[in-house]
Amino acid sequence: MLRITVLVSGHVQGVGYRYFTRKKAFELGLSGYAENLSDGRVEVVAEGERAELEHLIHHLRQGPRGAKVEHLDVQWSEATGLKGFQTY
């Protein structure tokens, strides 16, 4: 099991990005959270198998309708055992 921490830059707040992320994570069987940051970015932390995490990264690059993703900063690490997928 692996973990990704993704900082998503662009027009990603106020467009349903966190809820889009949660839906995709549930579909892929991933655990973690998506949180708005005070600087306008969204932080996504997800845990699961590499293939599913790579699929999530693909979806994060697209975002929901209305979002304009400019950059993803992705860091990989070992999973810590998160359960469920939350939005903050």
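What comes next is a walk through the structure. (Residues numbered from 1 in each chain as written. Predicted model: local features only at pLDDT ≥ 70, side-chain atom pairs only at ≥ 80, totals over all residues. Heavy atoms only, no water.)

### A few points about the pairing of strand β2 (residues 31-36)
- Inspection of the sheet shows β2 paired to strand β3 (residues 42-48) by six bridges, in the antiparallel sense. Bridge pairing in β3 places Ser31 opposite Glu47.
- As judged from the three bridges shared by β2 and strand β5 (residues 85-87), these two strands associate in the parallel manner. Paired with Ala34 across the strands is Thr87, a residue of β5. (Pairing = 2+ DSSP bridges. Helix = DSSP H or I, 4+ residues; strand = E, 2+ residues; numbered from the N terminus.)

### Describing helix α2 (residues 50-62)
- With 13 residues, α2 ought to run about 18 Å at 1.5 Å a step, and its terminal C-alpha atoms sit 19 Å apart, in line with that.
- Every buried residue of α2 is accounted for by Leu53, Leu56, Ile57 and Leu60. Along the axis of α2, the buried residues cluster in a sector spanning 105°; they form a single face.
- Along its buried surface, α2 packs onto β1 (2-11), α1 (17-28), β3 and β4 (68-78).
- Following α2 by one or two positions, Gly63 has its phi on the positive side, about 70°. (Expected span 1.5 Å × (residues − 1). Buried < 20%, exposed > 50% of the residue type's maximum accessible area, 1.4 Å probe, protein only. Arc of directions from axis to C-beta. Contact = heavy atoms within 4.5 Å.)

### Details of the environment of Ser38
- On the secondary structure map, Ser38 appears in the loop between β2 and β3.
- Each C-alpha atom, one on Ser38 and one on Gly63, is 19 Å from the other, the two residues being 25 residues apart in sequence.

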